[in-house]
Amino acid sequence: MLERPNVIKHYRWHMGTWAWVLHRITGLALVFYLVLHIWVIHNISSGPKGFDKVMGVVQAPLFLFLELGLLGCVLYHTFNGLRIMIVEFSKEGCEAHKMVWGAMMAVAGFLFLLGGVPMFVHFLHSIAG
Amino acid sequence: MAEYTFRIFRYDPEKDEQGRVQDYTFEVQEGWTILDALNHIKWFIDGTLTYRRACRHGICGSCGMTINGKNNIACETQIKDLGTSTITIEPLRGFPVIKDLVVNMEPFYDKLYAVKPYLITRTPPPTDRERYQSPEDRAKLDGKYECILCGCCTSSCPTYWADKNFLGPNALLKASKFMLDSRDEGFEDRVNCIDDKHGIWRCHTIFNCVEACPKELNPTKGIVELRRLMMRGRL
Ligand code: HEM
Ligand code: SF4
Ligand code: SF4
Ligand code: FES
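Residues numbered from 1 in each chain as written. Chains lettered and ligands numbered in written order. Predicted model: local features only at pLDDT ≥ 70, side-chain atom pairs only at ≥ 80, totals over all residues. Heavy atoms only, no water.

Caption draft 1: Highlighting the overall build of chain A. What chain A contains, in helices and strands, is four helices and zero strands. For chain A, the C-alpha radius of gyration of 20 Å lies well beyond 14 Å, the compact-globule estimate for 129 residues. By residue count, 28% of the 129 residues in chain A fall in the buried class. The long-range fraction of contacts in chain A, counting pairs at least 24 apart against all pairs at least 6 apart in sequence, stands at 67%. Accessible surface, chain A as shown: approximately 8,400 Å² in total, 76% of it carbon and sulfur. The positive charge centre, built from 9 side chains, and the negative charge centre, built from 6, are 7 Å apart in chain A. (Helix = DSSP H or I, 4+ residues; strand = E, 2+ residues; numbered from the N terminus. Rg over C-alpha atoms; globule rule 2.2 N^0.38 Å. Buried < 20%, exposed > 50% of the residue type's maximum accessible area, 1.4 Å probe, protein only. Contact = heavy atoms within 4.5 Å. Areas by Shrake-Rupley, 256 points an atom, 1.4 Å probe, with all protein chains shown as cover. Lys, Arg positive; Asp, Glu negative; His and termini not counted. Charge placed at Lys NZ, Arg CZ, Asp CG, Glu CD.)

Below you can see the structure in the form of structure tokens.
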């Protein structure tokens, strides 16, 4: 018997596969951010020198740009997390999971624009001088 | 009539170290299913091709396989509906391959037996009639009993690929069928099996099983219903 057969074609991804893979990626990204966040709050309270060091990092254009990604991760993870809870706890959520996902992503997308546009403008200012 | 190429996974345990791909190209008739194409190959082109089938109308559950990267039963998959002129056919993944498209379903049945897929009762039945079940209680089992044990769901489950001890969507759907059956009194007999890190709590609601099921059942629904049942019991 062949325990590990070679695969000709990858198994097809559908909405649920994407939703789960993105959830794990964003979840892990948030864990990474949490470490960074602890570094920030640890150093920021250590006096003027530490404060300047931290600000040098978090006000750098690259960081401002990456914060857009952070916003995206937080919004996706939160709203897909809510979708999972709705699927788990509501009566019809399991059958309508694609619709629930669509609705959640619409809210997340709206909030991303709401928060992301000012953040992006701020980023543009930072590279302009 | 249109020409199609079938890229089929082949493995002969007596000759091959690994699986290989064999192409068959021929004209397919209007209305043919994947099973018709496999039969055509076996009967007229290459008699060594091995696959399971019996009923050829979607009731025995023998012909589950991965077609163009998605699980389905061959006898209910219309070739035309796939929309490609090259079609890949692979054995159900997640299970060891015995030969060509035939996989070892033992691990699948073991999970099924583990949840005790039969009515368990403690009280004796009435002597003058069958055990009564109201139409409402009976309706709760819709979408839970129609399973044909084709294996498409468990074989499509990423959680099962990663954890071969996971009971999988099929066994958990079966468990939900009996645990939510108003006549069943076997809660105690099944609870330790499903309320386990390889049981209901393992599922990540990826819905691959729902996409795969040829009978359009919703194993994920059975799983979340069992989770709710367990949570209610704890509160
Ligand atoms: C409102 C906030 C949040 C909600 C609603 C939420 C929701 C969820 C849910 C429902 C799951 C289970 C997913 C599954 O079954 O596969 C999960 C997994 C996870 N979450 Fe969150 N979460 C939130 C915030 C966070 C934060 C702040 C972090 C990081 C520090 C985080 C990291 C993770 C990780 C690493 C996983 C595991 C991913 C996986 O199993 O695929 N989450 N989250
Ligand atoms: S919903 Fe659960 S059981 Fe179904 S494929 Fe996904 S992880 Fe597996
Ligand atoms: S639940 Fe559906 S996919 Fe799974 S074994 Fe039963 S019929 Fe096949
Ligand atoms: S041959 Fe019976 S289900 Fe396909």
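Caption draft 2: Fine view of the site of ligand 2. All names here are of chain B. Taken together, Cys157, Thr159, Pro169, Cys203, His204, Thr205, Ile206, Phe207, Asn208, Cys209, Thr220 and Ile223 form the complete shell of residues around ligand 2. Of all the secondary structure elements, the ones that give two or more residues to the shell around ligand 2 are helix H9 (208-212) and helix H10 (219-234). Here the shell around ligand 2 is built from residues that sort into seven nonpolar, five polar and no charged. (Near = heavy atom within 4 Å. Nonpolar A, V, L, I, M, F, W, Y, C, P; charged D, E, K, R; others polar.)

Caption draft 3: Structural detail: the sheet that holds strand S5 (residues 86-90) of chain B. Residues and elements named next belong to chain B. Judged by pairing direction, the sheet is mixed, and its five strands sit side by side in the order S2-S1-S5-S3-S4 without closing on themselves. The open sheet has two edge strands, strand S2 (20-28) and strand S4 (70-73), and neither has a second partner. Strand-to-strand twist across the sheet, computed as the mean angle between neighbouring axes with direction ignored, equals 30 degrees. Examined bridge by bridge, strand S3 (residues 64-67) and S4 share four bridges and lie antiparallel to one another. The partner of Ile67 across the bridge, within S4, is Lys70. Helix H1 (residues 34-45) rests against strand S1 (2-10), S2, S3 and S5 of the sheet, and its axis sits at about 100 degrees to S2. (Pairing = 2+ DSSP bridges. Axes fitted to C-alpha atoms, helices over the stretch in contact; angles between N-to-C directions.)

Caption draft 4: Layout of helix H7 (residues 168-179) of chain B. Residue and element names in this part refer to chain B. The end-to-end C-alpha separation of H7 is 16 Å, in line with the 16 Å expected for twelve residues at 1.5 Å each. Extensive coverage of H7 is indicated by the burial of twelve of its twelve residues. Among the residues making up H7, those that are buried are Gly168, Pro169, Asn170, Ala171, Leu172, Leu173, Lys174, Ala175, Ser176, Lys177, Phe178 and Met179. Buried residues along H7 sit against helix H3 (106-114), helix H5 (152-156), helix H8 (187-194), H9 and H10. (Expected span 1.5 Å × (residues − 1).)

Caption draft 5: Structural view of the environment of B:Asp184. Residue and element names in this part refer to chain B. The topology assignment puts Asp184 in the loop between H7 and H8. When the C-alpha positions of Asp184 and Pro219 are compared, they lie 20 Å apart, and in sequence the two are 35 residues distant. Discounting chain neighbours no more than four positions away, the residues touching Asp184 are Tyr118, Leu119, Ile120, Phe178 and Arg190. Reaching out from Asp184, the side chain makes a polar contact with the backbone nitrogen of Ile120 at a distance of 2.9 Å. (Polar contact = N/O pair within 3.5 Å; in protein donor to acceptor, adjacent residues only side chain to side chain.)

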